[in-house]
Amino acid sequence: MATSAAESEAVLIAALRAGDEAAFAALVDLHAATMLRVARGYVSTHELAEEVVQETWIAVLRGIDRFEGRSSLRTWLFTIMVNIAKARGVKERRHTDLEALAVSGGTVDPARFREAGDAWPGHWKENEAPVPFPDTPEGSVLGGELMELARRELDKLPPRQRQVVTLRDVLGFESAEVSTLLEISAANQRVLLHRGRAAVRQVLEDYLKERV
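Predicted model only: the values in this text are computed from it and were never measured.

A. Molecular detail of helix α4 (residues 73-87). Given a rise of 1.5 Å per residue, 15 residues ought to cover 21 Å, and the 21 Å separating the end C-alpha atoms of α4 matches this to within 8%. Every buried residue of α4 is accounted for by Leu-73, Thr-75, Trp-76, Leu-77, Phe-78, Ile-80, Met-81, Val-82, Ile-84 and Ala-85. As for α4, its buried residues are in contact with α1 (5-17), α2 (21-40), α3 (46-63), α7 (159-170) and α8 (175-182).

B. How the structure looks around the side chain of Thr-75. Looking at where Thr-75 falls in the secondary structure, it is placed in helix α4. A polar side-chain atom of Thr-75 sits 2.9 Å from a polar atom in the side chain of Ser-72. Within the structure, Thr-75 has its side chain in polar contact with the side chain of Glu-177 (distance 2.8 Å).

C. Region of the structure containing the pattern of salt bridges. Tallied over the entire structure, the rule returns seven salt bridges. Measuring nitrogen to oxygen at the nearest pair gives 2.8 Å for the salt bridge that ties Arg-37 to Asp-155. Linking Arg-37 in helix α2 with Asp-155 in helix α6 (residues 137-156), this pair joins segments that are 118 residues apart in sequence. When the shortest N-O distance is used, the salt bridge between Asp-169 and Arg-197 registers 2.7 Å. Taken together, the positions of Asp-169 in helix α7 and Arg-197 in helix α9 (residues 186-211) put the pair 28 residues apart, joining distant regions of the chain.

D. Main features of the packing of α7 against α8. Two elements in contact, α7 and α8, have axes whose closest approach is 10 Å; the angle formed by their N-to-C orientations is 140°. The angle between the axes of α7 and α8 places the two elements in the oblique class. Between α7 and α8 the crossing geometry is right-handed. Contact residues: α7 offers Arg-160, Gln-163, Val-164, Leu-167 and Arg-168, while α8 offers Ser-175, Val-178, Leu-181 and Leu-182. Looking at the contact of α7 with α8, its residues break down into five nonpolar, two polar and two charged.

E. Main features of α7. Here α7 is twelve residues long and its end C-alpha atoms lie 15 Å apart, about the 16 Å a rise of 1.5 Å per residue gives. Judged by how many residues are buried, α7 sits mostly within the fold: nine of twelve residues are covered. Along α7, the residues that are buried comprise Pro-159, Arg-160, Gln-161, Arg-162, Gln-163, Val-164, Val-165, Thr-166 and Leu-167. The positive-phi residue at the C-terminal boundary of α7 is Gly-172, with phi of around 80°.

F. Seen up close, unusual backbone geometry. Its identity is not glycine, yet Glu-183 carries a phi of approximately 55°, on the positive side. Along the chain, Glu-183 falls in the loop between α8 and α9. Given a relative accessible area of 49%, Glu-183 falls into the partly exposed group.

Rules used in this analysis
Residues numbered from 1 in each chain as written. Predicted model: local features only at pLDDT ≥ 70, side-chain atom pairs only at ≥ 80, totals over all residues. Heavy atoms only, no water. Helix = DSSP H or I, 4+ residues; strand = E, 2+ residues; numbered from the N terminus. Expected span 1.5 Å × (residues − 1). Buried < 20%, exposed > 50% of the residue type's maximum accessible area, 1.4 Å probe, protein only. Contact = heavy atoms within 4.5 Å. Polar contact = N/O pair within 3.5 Å; in protein donor to acceptor, adjacent residues only side chain to side chain. Salt bridge = Lys/Arg side-chain N within 4 Å of Asp/Glu carboxyl O. Axes fitted to C-alpha atoms, helices over the stretch in contact; angles between N-to-C directions. Parallel < 35°, antiparallel > 145°, perpendicular 65-115°, else oblique. Left-handed = near helix turned anticlockwise from the far one by under 90°. Nonpolar A, V, L, I, M, F, W, Y, C, P; charged D, E, K, R; others polar.

Structure below.
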């Protein structure tokens, strides 16, 4: 019988509470890189982001016995990290959708998206969305190259866009979780996600066009 995600998490939490170093190392390996990327959006230097992540792990070890399971372990972990990042000198948040749009710099031609009166405003128009990678050996190699390019471009996004895209598309957080975690409105979360995704997609499309 397959083990459910909840059961697997319960086993992990029990191991962490028992001081299992292997379990802790596995948790670090799973989340450290993404935590660093998210933390970097709150503080001014990479070094400070590393300190935030280190402080988070210390807080996790000290607090795991008090974890009540009201959220997933992952959500609890990132909530701790965000709070620590804020305490270490959070950059002023951009509070409005207009400010979020302004930092994007118009990365993609607005004409490629459906207009406000459309049934699906803000979505790609027909024949405008990026083409999927071909399912061939060459396509697999190209897919790897594009993944690396996407990671580099993700790091170049404005901090708030990078945080939202990383949480949603890299970690798979739900929209409501991200809005709560980052203390932003649902509408602002959608705008940040849309603009961040569009910026990365545009770079990938340009790269593909150069290879044709």
